[in-house]
Amino acid sequence: MDDTYDFTAHDIGPDINALRAALAAHGITLPTLGVDPLTLAARATRPPLVALGNCNVATARRMAEVLRSAAGG
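Residues numbered from 1 in each chain as written. Predicted model: local features only at pLDDT ≥ 70, side-chain atom pairs only at ≥ 80, totals over all residues. Heavy atoms only, no water.

Concerning the overall build of the protein chain
When helices and strands are counted, the protein chain shows three helices and two strands. Of the regular secondary structure in the protein chain, the N- to C-terminal order runs α-β-α-β-α. The buried share among the 73 residues of the protein chain stands at 14%. Sequence separation of at least 24 residues holds for 45% of the intrachain contacts in the protein chain that already meet a minimum separation of 6. Working note: accessible area of the protein chain is about 5500 Å², and carbon and sulfur atoms make up 59% of it. (Helix = DSSP H or I, 4+ residues; strand = E, 2+ residues; numbered from the N terminus. Buried < 20%, exposed > 50% of the residue type's maximum accessible area, 1.4 Å probe, protein only. Contact = heavy atoms within 4.5 Å. Areas by Shrake-Rupley, 256 points an atom, 1.4 Å probe, with all protein chains shown as cover.)

So this is what it looks like as structure tokens:
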């Protein structure tokens, strides 16, 4: 995983949209997926965090299923 971040390009919207699309391809929707506002406002040395938000149990199970399958299990 590449942890480098270009602070001059602070728009992480495309990254969030890509994650949203990838999740949707597997039938997963995280309604509160977005930028964590506290880390966006306070970022001095680190990029803002992506807030995955809350989800119901069915969504959590589906995510676990997709991740297990992607890992070969």
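Digging into the side chain of threonine 59
Assignment of secondary structure puts threonine 59 in helix H3 (residues 57-70). The class for threonine 59 is buried, based on a relative accessible area of 15%. Residues within four places of threonine 59 in sequence aside, it is in contact with Ile28, Thr29 and Leu30.

Structural notes on the confidence of the model for the protein chain
Looking at the protein chain, pLDDT values average 84 and 84% of them are 70 or higher. Helix H2 (residues 37-42) is the least confidently modelled element of the protein chain, averaging 81 in pLDDT, while H3 averages 95, the highest of any element. (pLDDT = per-residue confidence, 0-100.)

A closer look at a nonpolar patch on the surface
Taken together, the side chains of Leu19, Val50 and Leu52 define a hydrophobic patch exposed on the protein surface, amounting to about 210 Å² of accessible area. As for its placement among the helices and strands, valine 50 is situated in strand S2 (residues 50-51). (Patch = residues over 30% accessible without salt bridge, like charges linked within 9 Å, V, L, I, M, F, W, Y side chains within 5 Å. Salt bridge = Lys/Arg side-chain N within 4 Å of Asp/Glu carboxyl O.)

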